[in-house]
Amino acid sequence: MLEKIMFYLGFPFVQHALIAGVLIAMCAALLGVILVLKRFSYIGDGLSHVAFGGLAMATVLKLSDHNLLIMPVTIIAAILLLRFGSNGKLHGDAALAIFSVSALAVGYLLMNVFSSSANISGDVCTTLFGSTSILTLTIREVWICIIMSAVTLIMFCLFYHRIFTVTFDENFAQASGVRIRLYQTLIAIMIAIIIVLAMNLVGSLLITALMVFPALSAMQILKSFRGTLIYAACISMVGAGVGILISMVASTPVGATIVIFDLVVFLIHVGIGKVWRA
Amino acid sequence: MYIRCNNLLVGYNGAPVTGKLSFEIKEGDYLCVVGMNGAGKSTLMKTLLSLQEPIGGEISLGEGLKRFEIGYLPQQSDHQKDFPATVWEVVLSGTIGMHRGFFYKKDQKDLAMAKLQELGIAHLKGKSYRSLSGGQQQRVLLARALCATQKILLLDEPVTGLDPRAMQQLYRILDELHQKGITVIMITHDLNAISHATHVLHLDARKPFFGTQDAYYQSKQWKLFQEWEQGEASAC
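Residues numbered from 1 in each chain as written. Chains lettered and ligands numbered in written order. Predicted model: local features only at pLDDT ≥ 70, side-chain atom pairs only at ≥ 80, totals over all residues.

### Topic: the overall build of chain A
So, point 1. Each helix and strand counted, chain A has 13 helices and zero strands in total.
So, point 2. Order of helices (α) and strands (β) in chain A, N terminus to C terminus: α-α-α-α-α-α-α-α-α-α-α-α-α.
So, point 3. For chain A, the C-alpha radius of gyration of 19 Å lies close to 19 Å, the compact-globule estimate for 278 residues.
So, point 4. Reported as C-alpha extents along the three principal axes, the dimensions of chain A are approximately 55 × 45 × 35 Å.
So, point 5. Across the 278 residues in chain A, those meeting the buried criterion constitute 49%.
So, point 6. Within chain A, contacts between residues separated by at least 24 positions form 74% of all contacts whose residues are at least 6 apart in sequence. (Helix = DSSP H or I, 4+ residues; strand = E, 2+ residues; numbered from the N terminus. Rg over C-alpha atoms; globule rule 2.2 N^0.38 Å. Buried ≥ 20, exposed ≤ 12 C-beta atoms within 10 Å, placed from the backbone. Contact = placed C-beta atoms within 7 Å.)

### Looking at the sheet that holds strand 9 (residues 183–187) of chain B
Sheets are built from strands paired through backbone hydrogen bonds, the pairs being either parallel or antiparallel.
All names here are of chain B.
So, point 1. On the basis of which strands lie adjacent, the open sheet formed by six strands has the order 7-8-9-5-10-11 and mixed pairing. Since the sheet does not close on itself, it has two edges, and those belong to strand 7 (70–73) and strand 11 (209–212), each with one partner. Direction aside, the axes of adjacent strands within the sheet are offset by 15° on average.
So, point 2. Relative to strand 11, strand 10 (residues 199–203) runs antiparallel, the two sharing four bridges. The residue bridging His 202 from the neighbouring strand is Phe 209, located in strand 11.
So, point 3. Together, strand 5 (30–35), strand 8 (152–156), strand 9 and strand 10 form the strand contacts of helix 1 (residues 41–48), whose direction differs from that of strand 8 by roughly 150°. (Pairing = 2+ DSSP bridges. Axes fitted to C-alpha atoms, helices over the stretch in contact; angles between N-to-C directions.)

### Some points on the domain arrangement of chain B
Residues and elements named next belong to chain B.
So, point 1. Domain assignment breaks chain B into domain 1 (1–69 + 151–236) and domain 2 (77–148).
So, point 2. With nine residues of domain 1 in contact, the opposing surface of domain 2 contributes seven residues.
So, point 3. Considering every element that reaches the side of domain 1 that touches domain 2, the biggest residue donor is helix 5 (residues 164–179), with four residues.
So, point 4. The class makeup of the residues in the side of domain 1 that touches domain 2 is seven nonpolar, two polar and no charged. (Domains from an automatic or database assignment. Nonpolar A, V, L, I, M, F, W, Y, C, P; charged D, E, K, R; others polar.)

### Side note on helix 7 (residues 139–158) of chain A
Residues separated by three or four positions in an α-helix point in the same direction, a consequence of the helix having 3.6 residues per turn.
Residue and element names in this part refer to chain A.
So, point 1. The end-to-end C-alpha distance of helix 7 is 29 Å, a good match for the 28 Å that 20 residues give at a rise of 1.5 Å each.
So, point 2. Taken together, the buried positions of helix 7 are occupied by Cys 145, Ser 149 and Thr 152. All buried residues of helix 7 fall inside an arc of 60° around its axis, so they share one side. What points out from helix 7, more than 90 degrees from its buried face, is the exposed set Ile 139, Arg 140, Ile 147, Ala 150, Ile 154 and Cys 157.
So, point 3. Those residues of helix 7 that are buried are in contact with helix 2 (12–37) and helix 10 (180–202). (Expected span 1.5 Å × (residues − 1). Arc of directions from axis to C-beta.)

### Remarks on the nonpolar core
So, point 1. Counting residues in each nonpolar core, the largest one holds 151 residues, and the members touching the most others are A:Ile24, A:Ile191, A:Ile194, A:Ala198 and B:Leu154.
So, point 2. The element best represented in this core is helix 2 of chain A, accounting for 17 residues.
So, point 3. The residue makeup of this core includes at least three contributed by each of domain 1 (1–69 + 151–236) and domain 2 (77–148) of chain B. (Core = buried A, V, L, I, M, F, W, Y, C linked by C-beta atoms within 7 Å.)

### Comments concerning the packing of helix 2 of chain A against helix 11 (residues 207–221) of chain A
All names here are of chain A.
So, point 1. Following both chains from N to C, one finds helix 2 and helix 11 inclined at 70°, their axes separated by 7 Å at the closest point. Comparing the axis directions of helix 2 and helix 11 gives the class roughly perpendicular. Two packed elements cross with a definite hand, and for helix 2 against helix 11 that hand is right-handed. Along the contact surface, helix 2 presents Ala 25, Ala 28, Ala 29, Leu 31, Gly 32, Val 33, Leu 35 and Val 36, while helix 11 presents Leu 210, Met 211, Val 212, Pro 214, Ala 215 and Leu 216.
So, point 2. The residue inventory of the contact of helix 2 with helix 11, partitioned by class, reads 13 nonpolar, one polar and no charged. (Parallel < 35°, antiparallel > 145°, perpendicular 65-115°, else oblique. Left-handed = near helix turned anticlockwise from the far one by under 90°.)

### Some remarks on the confidence of the model for chain B
So, point 1. Mean pLDDT for chain B: 86, with 98% of residues reaching 70 or above.
So, point 2. Reported confidences for the modelled complex are a pTM of 0.87 and an ipTM of 0.87. (pLDDT = per-residue confidence, 0-100.)

### Quick look at the sheet that holds strand 1 (residues 3–9) of chain B
Residues and elements named next belong to chain B.
So, point 1. If you walk across this open sheet you meet the three strands as 4-1-6, and the pairing is antiparallel. Each edge of the open sheet carries a strand with a single partner, namely strand 4 (21–25) and strand 6 (56–61). For this sheet, the mean angle separating the axes of adjacent strands, direction not counted, is 10°.
So, point 2. Judged from the four bridges that link them, strand 1 and strand 4 form a sheet pairing that is antiparallel. If you follow Ile 3 over to strand 4, its bridge partner there is Ile 25.

### What to know about the pairing of strand 5 of chain B
For a regular strand, side-chain orientation follows a simple rule: the groups alternate between the two sheet faces.
Residues and elements named next belong to chain B.
So, point 1. Most of strand 5 is tucked away: six of the six residues are buried.
So, point 2. Where burial is concerned, the two faces of strand 5 agree: the one with Tyr 30, Cys 32 and Val 34 and the one with Leu 31, Val 33 and Gly 35 are both buried.
So, point 3. One ladder, built from four bridges, connects strand 5 with strand 9; its direction is parallel. Across the sheet, residue Cys 32 finds its bridge partner in strand 9, namely Met 186.
So, point 4. By the bridge criterion, five bridges tie strand 5 to strand 10 in an arrangement that is parallel. Considered in strand 10, the bridge of Gly 35 is made with Leu 203.

### Focus on the environment of A:Leu205
All names here are of chain A.
So, point 1. In this fold, Leu 205 is placed in the loop between helix 10 and helix 11.
So, point 2. In the structure, Leu 205 is positioned 71 residues away from Trp 276 in sequence and 33 Å away in space, judged by C-alpha atoms.
So, point 3. Residues within four places of Leu 205 in sequence aside, it is in contact with Ser 48, Leu 128 and Phe 129.

### Side note on unusual backbone geometry
Residue and element names in this part refer to chain B.
So, point 1. Here the phi dihedral of Asn 7 falls at roughly 50°; this positive angle occurs in a residue that is not glycine.
So, point 2. Along the chain, Asn 7 turns up in strand 1.
So, point 3. For Asn 7, a count of 12 C-beta atoms within 10 Å puts it in the exposed group.
So, point 4. Here Ser 50, not a glycine, exhibits a phi torsion of approximately 60°, which is positive.
So, point 5. Tracing the backbone shows Ser 50 in the loop between helix 1 and strand 6.
So, point 6. Look at Ser 50 and you get partly exposed, because 16 C-beta atoms sit within 10 Å.

### What about the environment of A:Ile146?
Residue and element names in this part refer to chain A.
So, point 1. Along the chain, Ile 146 turns up in helix 7.
So, point 2. A count of 13 C-beta atoms within 10 Å places Ile 146 in the partly exposed class.
So, point 3. Linking Ile 146 and Ile 180, residues 34 residues apart in sequence, is a C-alpha distance of 28 Å.

Written out as structure tokens, the structure reads:
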């Protein structure tokens, strides 16, 4: 078993997958804490569907770099969703339903009608559930993951106190002179970017799990915001690393393996939390 | 004069929810803002906090009161009930407006500690906010609000959901702060709150009232408010 893992670790593509997977998982968990606490989990879900639509469009247009189209589309959708969610004319969940369902439908239609590939359902399945794309990352994509994680980490360190104030109590933050629109937009953009990157790892349908499970697990047992952030990031990284290795050894799909691992971790934490509080 | 409002109209999307309001808040006042649901109490508060723009009229600030120097105690929102945060993290966040820097400086930490001690909750410092009782949570939020201001507190329905003992405690704390020279503005549903106030603003689309506590006890609006509150109580 160990020998098998060591053998796999010798391949550069496995190393790349591990580096990118662990880093994306860390960012997703950090941003996921904010999403869960602000009751914005639905935004993560909606954006992942938008990203799927973007990917389908990029495939049809035969762009050499899909991210050039997916990134801007998802970022714009993120900003719009946050705006709709906060001004009350169109409620967040209704806005989400419109966005995500339309994006899924348009995406699938485009892929079906215009795709030149012989295996359409295979393509769609890969996009939705991730399957092997994490193992075929180029060096450039790995570097994008490294840079984006560094940016996310730096942002969380520098703006930590403002992020806490805005997340805990928007009105109070605004009344204290914090420009909350700026932080909301910044967070929306970061979430959009991480979701697009995470599509490679777990596929667009499972991204929400990557963001939400570690945050929820951490919240079961920790009482401080700082602790919750750090712990969520750590278990998410462990989950991604272990999930990728298990999926190679057991030849299971990467995305689903990571998500199920995270689910098990979450259930364990719920148990621990119950015992502690009792 | 801390705040003077002249023919102020507040509302959403260009539609006013109140009549024209003219009132002033002086240093050392204790103002209760009352009115039925939908009379525009929360909208007025948001406007005073510069969270939204007035629709008409004007608000002027005086005596060195700056725009973001009002200590705000909002209504508790749902998402705070399971928010993982220590009391210290919450109270310290009240000082966020003091400096532009990324990290908290020593004077901010000292201030937060002083406010914890002032409100008698220093022993809760490391506790989790969500594990506290309603009364303790209100005190933590009050400490946070006091970190943001030396002068004026704005409280939005602070006793809602508190048991009678916690309610009395909160009123006592507010009286003490008021005696120390802090100006208090409180939005409230509670008839008993009026007895602590020096001034009352009764919001009503047709006949708003603003005046001293004594004048309010003589007014028609006071009768209305009592009847309405009793109606509410008997409806429950």
